[in-house]
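Each chain is listed here by its residues.
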Amino acid sequence: MELFFPANDETHHKRIFRGNRLHICVGAFLVWLSFMLVTPRIPHSPSLHVFADMRNFLGVPNTLNVISNFPFLVVGVVGLVLCLHGNCFGISLKWEVWGWAFFYMGITAIAFGSSYYHLKPDDSRLLWDRLPMMIAITSLFSSFVIERMDERIGVTCLFSLHLVVLFSILYERIFDDLRVYLMFHIIPCVAIPMMAFMLPPKYTHSRFWFWAAGFYVLAKFEAC
């Protein structure tokens, strides 16, 4: 990964977004509030814990669903080590490194949380399946904001969105409503390609953001 962003353009875009930070936050809140007001509650499906393949091998319940989480462990650990050990990815900003570190920690945690849930699927264990995934998604989005917009804005997103993750988990458990949880999956898929198209990149290989968003959407359709 190589630096690609001209300094003058970067400064120009930072000034634009710093000046409109309040408008962006207010606009995002109004969009979220409108969504919550005009859409009905989305409860858990009764078939949520019923999988297409529930076979047991060697005494392990839902064996294939459990062992399919192993690649998350490999990718998460390798990515975290490469990210923190000498900054092998060539990332230029300190908090950008930590944004990616949180992402890979979330990916690693998916392996354990999802395996724990699939061993005995129920509502109480579902939290540990979804929480690491949401942490990974918000960390990825925050890293993208740091790269394309501004480090301070991205760091604010990183920690504030993690708090929103906790709120969404509590909201889902108390009100049996998946809308906030679903927004964590929908918004990055829309925002990242739009921002990648509109804002100049800092690094080369920027097209991979489009590929990542596309494959993520495809995976969600396959899961439906």
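Worth saying up front: this structure is predicted, and the values here are computed from it rather than measured.

Chemist: Describe in detail helix α7 (residues 151–175), supporting the description with residues and values.
Modeler: Taking 1.5 Å per residue as the helical rise, α7 with its 25 residues ought to reach 36 Å, and the 35 Å between its terminal C-alpha atoms agrees with that figure. Here α7 has its buried residues at I153, G154, V155, C157, L158, H162, V165, S168, I169, Y171 and E172. With a side-chain oxygen positioned 3.0 Å from the backbone nitrogen of R152, the residue opening α7 is D150. Positive phi shows up at D176, right after α7, with a value of about 50°.

Chemist: Break down helix α5 (residues 94–119) for me, with residues and values.
Modeler: For α5, spanning 26 residues, the distance from its first C-alpha to its last is 38 Å, which sits close to the expected 38 Å at 1.5 Å a residue. Of all bends in α5, the biggest is about 30°, found at I110.

Chemist: Tell me what's going on with the UniProt feature "transmembrane region" (unreviewed entry) in the chain, and back it up with residues and numbers.
Modeler: UniProt annotation of "transmembrane region" (unreviewed entry) refers to residues 22–43, 63–85, 97–119, 153–174 and 180–199 when read in the numbering used here. As annotated, residues 97–119 comprises 100% helix and 0% strand, and the C-alpha atoms at either end are separated by 33 Å. The distance separating the terminal C-alpha atoms of residues 180–199 is 27 Å; by composition the span is 95% helix and 0% strand.

Chemist: Before we move on, could you go through unusual backbone geometry and cite the residues and values that matter?
Modeler: The backbone phi angle of N62 is positive, close to 50°, even though this residue is not glycine. Its identity is not glycine, yet D176 carries a phi of approximately 50°, on the positive side. Tracing the backbone shows D176 in the loop between α7 and α8 (179–198).

Chemist: Give a description of the side chain of R125 that names residues and reports values.
Modeler: Within the element layout of this structure, R125 appears in helix α6 (residues 123–148). One buried charged side chain, R125, makes no salt bridge at all; its nearest oppositely charged neighbour is D122, positioned 4.6 Å away. Filtering out sequence-adjacent residues up to four positions away, R125 remains in contact with Y116, Y117, L119 and K120.

Chemist: Help me get a handle on the pattern of salt bridges, residues and values and all.
Modeler: Tallying each qualifying case throughout the model produces 4 salt bridges. Notably, a salt bridge pairs D176 with R41, separated by 3.7 Å at the nearest N-O pair. Taken together, the residues D176 in the loop between α7 and α8 and R41 in the loop between α2 (21–38) and α3 (63–67) connect sequence positions 135 residues apart. Exposure remark for D176: the relative accessible area of 29% places this residue in the partly exposed category. Take R41: its relative accessible area is 46%, and that puts it in the partly exposed class. With a closest N to O distance of 3.0 Å, E147 and R148 form a salt bridge. Taken individually, E147 and R148 each receive the classification buried, so the pair is uniform in this respect.

Chemist: Give me the packing of α6 against α7: which residues, what numbers.
Modeler: Viewed as axis vectors pointing N to C, α6 and α7 meet at an angle of 160°, and their least axial separation amounts to 9 Å. Regarding the angle of α6 to α7, the classification is roughly antiparallel. Seen from above, α6 lies across α7 with right-handed handedness. Classifying every residue of the contact of α6 with α7 gives 16 nonpolar, 7 polar and 5 charged.

Chemist: An account of the environment of W98 is requested, with residue identities and associated values reported.
Modeler: Along the polypeptide, W98 turns up in helix α5. Overall, the relative accessible area of 36% leaves W98 in the partly exposed class. Once the C-alpha coordinates of W98 and L84 are considered, the two residues, 14 residues apart in sequence, prove to be 8.2 Å apart.

Chemist: Hey, could you go over the nonpolar core for me, with residue numbers and the actual values?
Modeler: Soluble globular proteins: nonpolar side chains tend toward being buried together. The biggest cluster of nonpolar side chains holds 36 residues, and the ones touching the most others in it are W100, V145 and M195. Those elements that place two or more of their residues in this core are α5, α6, α7 and α8. Considering every element that reaches this core, the biggest residue donor is α6, with 9 residues.

Rules of the game
- Residues numbered from 1 in each chain as written.
- Predicted model: local features only at pLDDT ≥ 70, side-chain atom pairs only at ≥ 80, totals over all residues.
- Heavy atoms only, no water.
- Helix = DSSP H or I, 4+ residues; strand = E, 2+ residues; numbered from the N terminus.
- Expected span 1.5 Å × (residues − 1).
- Buried < 20%, exposed > 50% of the residue type's maximum accessible area, 1.4 Å probe, protein only.
- Polar contact = N/O pair within 3.5 Å; in protein donor to acceptor, adjacent residues only side chain to side chain.
- Bend = angle between axes of the 7 residues up to and from the residue.
- UniProt positions renumbered as here; feature names shortened; annotations may be inferred.
- Lys, Arg positive; Asp, Glu negative; His and termini not counted.
- Salt bridge = Lys/Arg side-chain N within 4 Å of Asp/Glu carboxyl O.
- Contact = heavy atoms within 4.5 Å.
- Axes fitted to C-alpha atoms, helices over the stretch in contact; angles between N-to-C directions.
- Parallel < 35°, antiparallel > 145°, perpendicular 65-115°, else oblique.
- Left-handed = near helix turned anticlockwise from the far one by under 90°.
- Nonpolar A, V, L, I, M, F, W, Y, C, P; charged D, E, K, R; others polar.
- Core = buried A, V, L, I, M, F, W, Y, C linked by side-chain atoms within 4.5 Å.

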